[in-house]
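Descriptive analysis of the structure
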Amino acid sequence: MGIIEKIKEIEAEMARTQKNKATEYHLGQLKAKIAKLRTQLLEPPKGSSGAGEGFEVTKFGHGRVALIGFPSVGKSTLLTLLTGTHSEAASYEFTTLTCIPGIINYNDTKIQLLDLPGIIEGASEGKGRGRQVIAVSKSSDIVLMVLDASKSEGHRQILTKELEAVGLRLNKRPPQIYFKKKKTGGISFNSTLTLTHVDEKLCYQILHEYKIHNAEVLFREDATVDDLIDVIEGNRKYMKCIYVYNKIDVIGIDDVDKLARQPNSVVISCNLKLNLDRLLAKMWEEMGLVRVYTKPQGQQPDFTDPVVLSTDRGGCSVEDFCNHIHRSLVKDVKYVLVWGTSARHYPQHCGLQHVLHDEDVVQIVKKKEKEDGGRGRFKSHSNAPARISDREKKDKAWETEHFNLPNSGERKPNLTEWEDFVEAEDYINDEERFNVTGRVILLFPKIDVSPADGFISSEELTEWNLHQAARESMHRTQREMELYDKDRDGFVSFHEYEPPSWALGSHGNSDKLGWWMEDHFNASDIDGNGRLNITEFNDFLHPAESGNLKLIQWLCKVEIRERDKDGDGKLNFQEYLGGLYDSMRDYNEVFNYSDAATVVHGKKLFTQLDLDNDGFISEDELKPVIDKLHPTERTYAKQQADYVISVADSDKDGRLSLKEMIDHPYAFYSTIFSEEEEDDDYFHDEFR
């Protein structure tokens, strides 16, 4: 008896068996036997050499879509309309005898559309070359099941049954069942909830049918016997499917309305070219393609050739984006700047695990070789002793000639003969070189102002850094103002600033959190005239730096909404511990990072924030700590000032004299002009 005959015999036995509590174990075993036989049916014959004749074509483009349906339902005509590729169409069945590919150019992407021969009932058993057709479908990202709207709904059920018989699960997700074979230990059966379809005895019988006697099974949902069998088989593919009802021009409007309201269904007419744009939009939505545009440093984004990502094809994180460009790029990434719906502000510094959204713009900032003596803009010296010595020698000579500083000529660098010929690093002075000491002398009285006592304190240096940060911030704001003030009236309205569709999300939903929201704009509009002047626009772009209380309230609202899972407008302890706690905790305070210690410490901080002791954190209670969630420029300015003083303060009195700054010029070299920081607009400040 062949495999097909065995399957039919078991199906007949299942049809004869009454379904009740007493027979559920027997029916479960029969289902497992059928699943095993169908798996054997898909395996190539033993002893066969080489691959058989098939329809497979080379994958091309950013996604693949397969057209499946009975003969003469309009698949070839649909391919011609969507791609322009000619596929023979006629009034008789089986006009298409092989796989014909075409390319859909949609939303800056290329989607491969495959016109497959029509399949008939029994295709899963090999009738009408059905196995080859279904095999090609398995390699697709999505299936378009083309149906004749004028025929019965039974065609859809027949096609679904044929596809499920070969392991395709349409519009379903994998069951939440953990299954792992073991070598010893017997069968371990557990569940996290009450099961109504499967019990321990039935699970044992199904596993024994597969000759599995040692395994671990954990149910995380109320799954059925079929779900358990799918997990054990392990060869199922879960695909999205759109049911396309063609020939709606031959049925009544009530029938069209009924078909259109069914889930995952689109009604079209190839003859009259009706609703094809809706079909493309639905296909795009179900495929979940994510277009990411690249932005080179210092240049405009390239909106002509996006990098297309997909959850089903590798993922949509920044790491996946880098791997898509080149496998070796990930290890060189320092951070990325992201504009778009996935960013919380404009732009957002993100790491490799940040998930990108459709039409995001990404700029990659690569790592640069670090040398000892500091990091980035705090680097104080180079590893090359010859270059340092040569630079110091030239600096001292220039100081003696131009400033006549006391004791400037006392120290004689002990240089070897070959060091005199080492090429020094470029810096500018009157001799077209950058002299750090001269710049320090020029800036010293500008920083030493409160009081002007001949010393620079940490507070004075912090205020200077903060002043430079404010200048840079306003400089960037003025550039943005020129870009968005389209009517050149000196104001930016929300209509002028309202971003394109990529900033509003795929559904144009203003509820989506983001810096472009209208309530953010209104919070920045202090005088309430519906337009932002340069000061209000600066607050809009840099809300954390603003003294506008409405903007601070908006920031608190954003933090609450991002973590408020139950939608009650405030955070309970679990919502706080799941995200806000990590941003606020002091990692130097807690050394035990166990889960228990985290909960205890989290409750301590939660209690400090919960001023009214109601068990929740509101927006107002978040205000005192908003600076920890959104560090301001004052925080960074203070850190930079403390670092420079710690390096150059020779007598450890907590302040800097002019002599100390001159004696340690290279503590300020990278803060005046940094070789490692590249700025898009080449705007440089002092000591920043």
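Above this text is the structure in question.
Please read these numbers as outputs of a predicted model, since none were measured by experiment. (Residues numbered from 1 in each chain as written. Predicted model: local features only at pLDDT ≥ 70, side-chain atom pairs only at ≥ 80, totals over all residues. Heavy atoms only, no water.)

1. Concerning the overall build of the protein chain
Along its length, the protein chain carries 25 helices and 19 strands. Within the span of the protein chain, comprising 688 residues, buried residues form 45% of the whole. A separation threshold of at least 6 residues defines the contact pool for the protein chain, and within that pool the share at least 24 residues apart is 65%. A total of about 36,500 Å² of accessible surface is found on the protein chain, and carbon and sulfur atoms cover 51% of it. (Helix = DSSP H or I, 4+ residues; strand = E, 2+ residues; numbered from the N terminus. Buried < 20%, exposed > 50% of the residue type's maximum accessible area, 1.4 Å probe, protein only. Contact = heavy atoms within 4.5 Å. Areas by Shrake-Rupley, 256 points an atom, 1.4 Å probe, with all protein chains shown as cover.)

2. Focus on the sheet that holds strand 7 (residues 187-191)
Whether parallel or antiparallel, the strands of a sheet pair through hydrogen bonds between backbone atoms. Sheet architecture is open: 3 strands sit in the order 6-8-7, paired in mixed fashion. Here the strands that pair on one side only, and so sit at the sheet edges, are strand 6 (177-181) and strand 7. Strand-to-strand twist across the sheet, computed as the mean angle between neighbouring axes with direction ignored, equals 5°. Of the pairings in the sheet, the one linking strand 7 to strand 8 (residues 215-219) comprises 5 bridges and is parallel in character. Bridging across to strand 8, Ile187 finds its partner in Ala215. This element, helix 6 (residues 200-209), spans strand 6, strand 7 and strand 8 of the sheet and lies at about 140° to strand 7. Here helix 7 (residues 225-233) sits on the sheet in contact with strand 6 and strand 8, set at roughly 40° to strand 6. (Pairing = 2+ DSSP bridges. Axes fitted to C-alpha atoms, helices over the stretch in contact; angles between N-to-C directions.)

3. Focus on the packing of helix 3 (residues 75-83) against helix 9 (residues 276-287)
Where helix 3 meets helix 9, the closest approach of the two axes is 12 Å, and the angle between their N-to-C directions is 85°. Between helix 3 and helix 9, the angle falls in the class roughly perpendicular. Where helix 3 abuts helix 9, its residues Leu78, Leu81 and Leu82 lie against Leu276, Leu279 and Leu280. (Parallel < 35°, antiparallel > 145°, perpendicular 65-115°, else oblique.)

4. So, the packing of aromatic side chains
Here the structure, examined in full by the defined rule, presents 10 aromatic pairs. Among the aromatic residues, those joined into a cluster by ring pairs are Phe494, Phe521, Phe537 and Phe540. Sitting over the face of the ring of Tyr243, Arg156 holds its NZ or CZ atom 3.6 Å from the ring centroid. (Phe/Tyr/Trp six-rings, centres within 6.5 Å; stacked < 30°, edge-to-face > 60°. Lys NZ or Arg CZ within 6 Å of the ring centre and 35° of its normal.)

5. Topic: the sheet that holds strand 14 (residues 348-350)
The mixed open sheet is built from 5 strands, whose spatial order is 12-11-15-13-14. The open sheet has two free edges, formed respectively by strand 12 (302-310) and strand 14, since each of these has just one partner strand. Within this sheet the neighbouring strands show an average axis-to-axis angle of 40°, counted without direction. Alignment of strand 11 (residues 289-294) against strand 15 (residues 360-366), held across 3 bridges, turns out to be parallel. The residue of strand 15 that forms the bridge with Val292 is Asp360. Those strands touched by helix 10 (residues 318-325) are strand 11, strand 12, strand 13 (333-339) and strand 15, and its axis lies near 115° from that of strand 12.

6. Some thoughts on helix 3
Those residues of helix 3 lying buried are Lys75, Ser76, Leu78, Leu79, Leu82 and Thr83. With its buried residues spanning 160° around the axis, helix 3 presents them on a single face. Among the structural elements, strand 1 (63-69), strand 2 (100-106), strand 3 (109-115), strand 4 (142-148) and helix 9 are those in contact with the buried residues of helix 3. Where helix 3 ends, the next residue or the one after it, Gly84, has phi of about 85°, a positive value. (Arc of directions from axis to C-beta.)

7. Side note on the side chain of Ser317
Looking at the element boundaries, Ser317 is found in the loop between strand 12 and helix 10. Setting aside its immediate chain neighbours within four residues, Ser317 contacts Leu309, Leu352, Gln353, His354, Val355 and Leu356.

8. Examining helix 6
If you check which residues of helix 6 are buried, you get Leu202, Cys203, Ile206, Leu207 and Glu209. For helix 6, the angular spread of the buried residues around the axis is 155°, confining them to a single face. Just downstream of helix 6 lies Lys211, where phi reads positive at about 60°.

9. Topic: the pattern of salt bridges
Two side chains bearing opposite charge may form a pair once their charged atoms approach each other closely. Under the criterion given, the structure shown has 23 salt bridges. The partner of Glu472 in a salt bridge is Arg476, with the nearest N and O atoms 2.9 Å apart. Placement of the pair is Glu472 and Arg476 together in helix 13 (residues 458-484), with a separation of 4 residues, close to one helical turn. A relative accessible area of 17% places Glu472 in the buried class. Residue Lys638 is joined to Asp642 by a salt bridge in which the shortest nitrogen-to-oxygen separation is 3.4 Å. Separated by 4 residues within a single helix, Lys638 and Asp642 lie in helix 23 (residues 633-648), roughly one turn from each other. Owing to a relative accessible area of 33%, Lys638 belongs among the partly exposed residues under this scheme. (Salt bridge = Lys/Arg side-chain N within 4 Å of Asp/Glu carboxyl O.)

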